[in-house]
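Next come the chains, spelled out residue by residue.
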Amino acid sequence: MSTDTTPLLAIRDLRLDFVNGDRPLRALDGVSLTVHAGETVCLVGESGSGKSVTALSITRLLPSPPARVVGGSILLQGRDVLQMAPRELRSVRGGIVSYVFQDPSASLNPVIRIGKQILETLELHRPDAANDAEVVQLLKLVGIPAPESRARDYAHQLSGGMQQRVMIAMALASRPKLLVADEPTTALDVTIQAQILDLLRDLKQRTGMAILLITHNLGLVSEIADRVAVMYAGQIVEEAPARELLARPLHPYTRALMDSVPELGRDVTRLKAIAGNVPQLGAWPTGCRFHPRCPKAIAACAQHNPELSLVEPAGSSRLVRCPYWNS
Amino acid sequence: MNTAIHKTGGWRRHGVEAIRLGLSRATSGSCAKCIRGMLLLVIFIATTSWVNADQKATGAEIPRRGGTLRLWFQSEWRSLDPAIAFDSATIPLARLMFSGLLDYDEQANLIPAQASEWSVSPDGKVYRFMLRPGIRFAHGREVEAEDYVFALERVLNPKTGSPGQSYYSEIQGALEFTRNETNHVSGLRTPDSRTLEIHLTQPSFTFRYVMGMVFAAAVPRELVSAQGDSFQYHLVGSGPYQLDFWRRGVGGRFKRNPHYTGPGAWVEDIVVMIGGDAALAAMMLERGEIDRVWLDPVSAVRFTRDPKLRTWLGVVDPVTTTYFFMNTEMPPFDNLRVRQAMNYGIDKKRLARFLGGLGAPTDGVVPDTMPWNNPQKPIYEFNPEKSRALLKEAGFTNGFKTTLWYEETRPLEKRAAEVIQQDLSQIGIEVTLMGISAAATGTKLRTRRQAACGLSYWYQDYPDPSNFLDVLLNGTRITDEGCNNMAFYNSALFNQLCAQAAASLNGSERSRLFQEAESVALRDAPWVPLFKERYVIAHHPRLRGTQAHPVWLWQFQQMWLSQ
Amino acid sequence: MIKRLFTRLLWSVTTLMGTAVLTFLLINVAPGDVARVIAGPKASPDVIKAIRARYHLDEPLWKRLGFHLGQLARGDLGHSFVTDQPVSEAILSRLPTTASLASLAVCLWMFLAVPLGVYTARHQGTWLDRSVLVAATLTLSLPAFWLARMLQYWMSYKLGWFPVAGFRGFWHLVLPALTIAILAVGYYARLIHTNMVQVLDSAFIRAARARGASESAVLFRHALPNALIPVVTILGMDIAFLLGGVMFTENVFALPGIGTLAVQSVFNLDVPVIMGTVMFSALAIVIVNLIVDMLYSWIDPRVRAV
């Protein structure tokens, strides 16, 4: 099915509302995102920007109501997720697309042994491999010591890092084509964060799966990403190969994000926080949504919302949602 | 059955508790429907006598053998052991398993039962019984005179805790035996195993009735000796039925005693169910789950209204009285005029209406349901003017205040207390009502100088006027505690008449002396006799042989099933 | 774990002791000559004396209290004043009835409440959800006595589907159990509903869905066990109360259980039985609490570690 020309995941112009009473609140406003097989894409943005919503939308994991897709399409290996029947959708979930969530301690069922939870995934997607040996193998794969006995543990008996490794093992159990890691390291402490990230990078190399990493931390991008998309207020504001974006961020918001990233050895007090707050759902400003916080905003920015358009700085081709990227 | 605390909790426990549920609703209901129902019930009870209802049902039918009679009782009792059983639920059941030397016929005359003949010596001190041959206990052994001696000694032994112990204290040597000075009662003799001789310390006419009580039934002496206390769970007697099994608080079953040769014992099994209330039992009766029930007032009204169910009803008039006593040792009731004023001031007919037909007015100390009566007795007709005049003469121009004690758990008494309160307020007496528990009546009503006035009741132990007059009003029997004479009435004339009557062995002379005694007591007015209770019973139409007995009220061994 | 158990046991014993002393005092300060109630009005002084000695009624109150507690410590609840039966025997002989009634009732209401709670949690705002809410509110305020009477009147008396009263087999238990179940099912359905709603909102449910778990697996394997954990405490308490005797229901249906025993003993002023049933209820609550505690560490692995 998947060929070089058919991307693994192609989100086109996705618009999604949250219906609260009679008033729909727009959460995603024309998001387009592509992930190719074997590629690592980072979706970056502050919380509330819609990046997690985007991630969950891929397999329609948002409860509906309140969530409601009002436009666009999500093509997974060329098939439209939005048109899928429940049974097909379930085979996609965990089968083609696996998730690793932010808080591993809450994402593991507290009353089911972790081995059993991994086994459940295997039974769903690789019934022929649904046995204890495979469970142990998976736990070993994610670097859990003494996997045989750990398999009989409950979630609360493991440390946060171990829990996240279990989540990853579970996600890998079905040998997915795409791993969606939604802030996988946020809840963990710094040294563990690095280990998990190493693990992901390592696993990607060994399995060849694509990774969609959702993070608010642009710092992770340099470590793992092939390509980066930056989200702000329900829209992608910039998308570029990781190296290029890091070398030359075009959108003012991307620049601001980069300024807020602590670098090793840098004094934390010199860190620049982005002024103002992320706009609330349904309270997006007119015009460019970033303009109230943008240091370079001009009067025109408040008038109309710019398109995400292809620009070509220094011979490269980049997508950015700011007509004044060059100034 | 003699009344009092035990009766409160025992004999009338069933009827009374059943009534408790419904009476206030039935009699105080303001809706016209309810009142009409009550009126119907009154009319029904007034126009129905038990015999009528039953004759219609039985006619000349020949009793049929077999089947299972299903009985229902509200709550469990101490035991059906004949030494213990002493209330309305247990006596008829105990009589299923245990028979004695004497019984009563339909006119309440004593007749020989397990005795083939019996006699009293001319001095009235020796009772002699000849046993009928061939009477056997349920386990097969023939009944012997020694079994009777054993049974009576068992009742007399304080360790048995028999409520009937004091009835037998007239037997020679009973006192010494009770005090553990001897291990045999000298007055109980068995010249041979067919003959029982009982020697008394003094002449007694009433001892014949005492021998007719269930306490005096034969028990198999070897089984009781072997089992001791646990005999009460493995009862064996010489009556028409034997215990098949018993689950405490749940019920049990009796089956026919194969060795029984006497009358009755028609049904094969008698199943007893315990628990719930009378309204519930009425529904079970209608659904055919039980055969007989003592109705609560609400169900009684319901049955009366229904043309079909009306024919299931019957009324029983037990020998009982409920009375208002006045403590003659406490002011203001130490004043004869005050006591008489109370007698004129209470409207018994109105009271009876408020009891919805479950109580009929009574004027004597002894209720007229006993086959003895006193045509010359003085009667106080309701007359508030006369009452007020008497109070004025007594110096209570403006009336007085007093407290009336009654047993809270007896709904008829409670209702009566309220009606009396209203009546007496008309003659200027302000009555405070105090409802107390059955247990508290012992310390309140039966203890000297505690209650100025109150309500109490008495059920006959045996059909003899002495059971009311001598027991309840004889001044020589007054004790400081546990006194049955709650009026603490002590008249030399009355006491003397009672003593003469008790000493007399001549039936008609006794009767006359007791008539005189009753008239004396009524003139002295320690009581206002109020009402005699009536029981409304419903039977399933298939149940026959339900005629009421003047002493036992009902005899399950005489009942049979038409299908 | 051992330490916790020990503390709990200590508390339990204290609770039982307190209950024992309090009931004893409450009942024994009520006026009335119990020996006369037992013996009957015509009992001679000798008989009364024998009875007083037998039940230790001739001793001063504090001595009787001491004796009573000593008896209790040996598991002896004394003898009924009315039937002279050992109280423990009276209670134990009625326990099977009450226990069968309680288990049938619990099964009935859980059997109804679990699907209702799960369904209404999954489909909030539907007419069924609303009806369950209304029914729960209604049944909570419904008097047991009234409901029992109504069911009895219509289902047994009028329609003849069930026996009116008594206990001669399983069929006699159905209507009483249904009464209790009806009173409880709304409450439990709502309780499970609330817990389910909460659990369904948690991250591990989303994770399970993200793994492709079917809806029924999500509901029954992942959500329900978690939602039932808090229910266990309340269910435990309710079972304890049921074992202590379902006074109204048992009495209405004339079931010879502990509830009818308790009510009868109060009517009869049968002091040892009153105290026995109270102690039994207290004991049932204490024991069930301990069991629930133990059970918790089994059903909720998180507790085990504490």
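Along each chain, numbering runs from 1 in the same order as the chain's sequence is written. Each chain takes a letter, starting from A, and each ligand takes a number, starting from 1, following the order in which they are written. For a predicted model such as this one, the threshold for reporting local features is a pLDDT of at least 70, and the threshold for listing and counting side-chain atom pairs is 80 or more; totals across whole chains, interfaces and linings nevertheless cover every residue. Side-chain numbers here rest on the full set of heavy atoms in the structure, without hydrogens or water.

**Student:** Could you clarify how one ought to interpret the environment of tyrosine 167 of chain B in this entry?
**Tutor:** In this text, helices come from DSSP runs of H or I with a minimum length of four residues, and strands from runs of E with a minimum of two, each type numbered from the N-terminal end. Relative to the helices and strands, tyrosine 167 of chain B resides in the loop between helix H6 (145-156) and helix H7 (174-178). Sequence spacing of tyrosine 167 of chain B and methionine 213 of chain B is 46 residues, and the spatial spacing of their C-alpha atoms is 9.6 Å.

**Student:** When you look at the interface of chain C and chain A in this model, what are you seeing that I'm missing?
**Tutor:** For an interface, size is often stated in terms of accessible area lost upon the parts coming together. Residue contacts follow a heavy-atom distance rule, with two residues in contact if any of their heavy atoms lie within 4.5 Å. Tallying the contact residues gives 22 residues for chain C and 24 residues for chain A. Summed over both partners, buried area is the accessible surface (1.4 Å probe) that two parts give up on being assembled. Buried surface at the junction of chain C and chain A, both sides included, amounts to about 2,000 Å², of which 61% is carbon and sulfur. Looking only at chain C, the three residues that lose the most surface to chain A are Arg206, Ala210 and Arg211 of chain C, adding up to 33% of its buried area. For this analysis, a salt bridge means a side-chain nitrogen from Lys or Arg found within 4 Å of a carboxyl oxygen belonging to Asp or Glu. At the boundary of chain C and chain A, one finds two salt bridges. Here glutamate 120 of chain A and arginine 221 of chain C are joined by a salt bridge, their closest N and O atoms 2.9 Å apart. We define a polar contact as two N or O atoms separated by no more than 3.5 Å, with the added condition that, inside protein, one atom must be a possible hydrogen donor and the other a possible acceptor, whereas residues neighbouring each other in sequence contribute only through side-chain atom pairs. The tally of links from chain C across to chain A stands at nine residue pairs in polar contact (both at pLDDT 80 or more). Listed by contribution, the elements that provide at least two residues to the side of chain C that touches chain A are helix H9 (203-210), helix H10 (215-243) and helix H14 (301-305) of chain C. When the residues that make up the side of chain C that touches chain A are grouped by side-chain class, the tally is 11 nonpolar, four polar and seven charged. Only Asp, Glu, Lys and Arg are considered charged, only Ala, Val, Leu, Ile, Met, Phe, Trp, Tyr, Cys and Pro nonpolar, and every remaining residue, Gly among them, polar.

**Student:** I tried to follow the interface of chain C and chain B on my own but got confused; where do I start?
**Tutor:** Each partner contributes residues to the interface: chain C has 49 residues there, and chain B has 52 residues. Summing both sides of the interface, chain C and chain B together bury roughly 3,800 Å²; the carbon and sulfur share of this comes to 55%. Run the count over chain C and chain B and you get seven residue pairs in polar contact (both at pLDDT 80 or more). If one sorts the elements of the side of chain C that touches chain B by residue count, helix H7 (residues 144-158) of chain C sits on top with six residues. Here the residues of the side of chain C that touches chain B are counted per class, giving 25 nonpolar, 14 polar and 10 charged.

**Student:** What exactly am I supposed to notice about the domain arrangement of chain A here?
**Tutor:** Residue and element names in this part refer to chain A. Residue ranges assigned to the domains are those given by an automatic or database domain assignment. Once the domains are mapped, chain A shows domain 1 (1-96 + 176-262 + 271-279 + 308-321) and domain 2 (108-175). Distance between the C-alpha centres of domain 1 and domain 2: 26 Å. Listed by partner, the interface residues are 18 residues for domain 1 and 12 residues for domain 2. Of all residues in domain 1, Pro176, Leu199 and Leu203 give up the largest surface area on contact with domain 2, accounting jointly for 35% of the area buried on that side. Scanning the region where domain 1 abuts domain 2 turns up zero salt bridges.

**Student:** I tried to follow the environment of proline 252 of chain A on my own but got confused; where do I start?
**Tutor:** Residues and elements named next belong to chain A. Here proline 252 lies in helix H11 (residues 252-259). Between the C-alpha atom of proline 252 and that of cysteine 322, which follows or precedes it by 70 residues, the distance is 8.1 Å. Proline 252 has contacts with Phe290, Cys294 and Cys322, leaving out every residue within four places of it along the chain.

**Student:** Explanation requested: the layout of surface pockets in the structure shown.
**Tutor:** Taking a probe equal in size to a water molecule and rolling it over the atoms shows the remaining empty space. Of the voids in this model, the second largest pocket is the one considered here, and its volume is about 1,200 Å³. What lines the second largest pocket is a set of 34 residues, and nearest its centre among them are Leu62, Pro63, Ser64 and Pro65 of chain A together with Arg209 of chain C. Secondary-structure elements contributing two or more residues to the lining of the second largest pocket are strand E1 (9-20), helix H1 (51-57), strand E4 (67-76) and helix H2 (86-92) of chain A together with helix H5 (87-122), helix H8 (171-200) and H9 of chain C. Here the lining of the second largest pocket is built from residues that sort into 20 nonpolar, five polar and nine charged. Buriedness for pockets is judged along seven lines, at least five of which must meet protein on both sides within 12 Å for an open set on the 1 Å grid over protein atoms alone, while cavities are sets there where a 1.4 Å probe fits but cannot get out, and lining residues have an atom within 4 Å of a point. Grid points are joined across faces, edges and corners, and a volume is the space filled by probe spheres set on the points.

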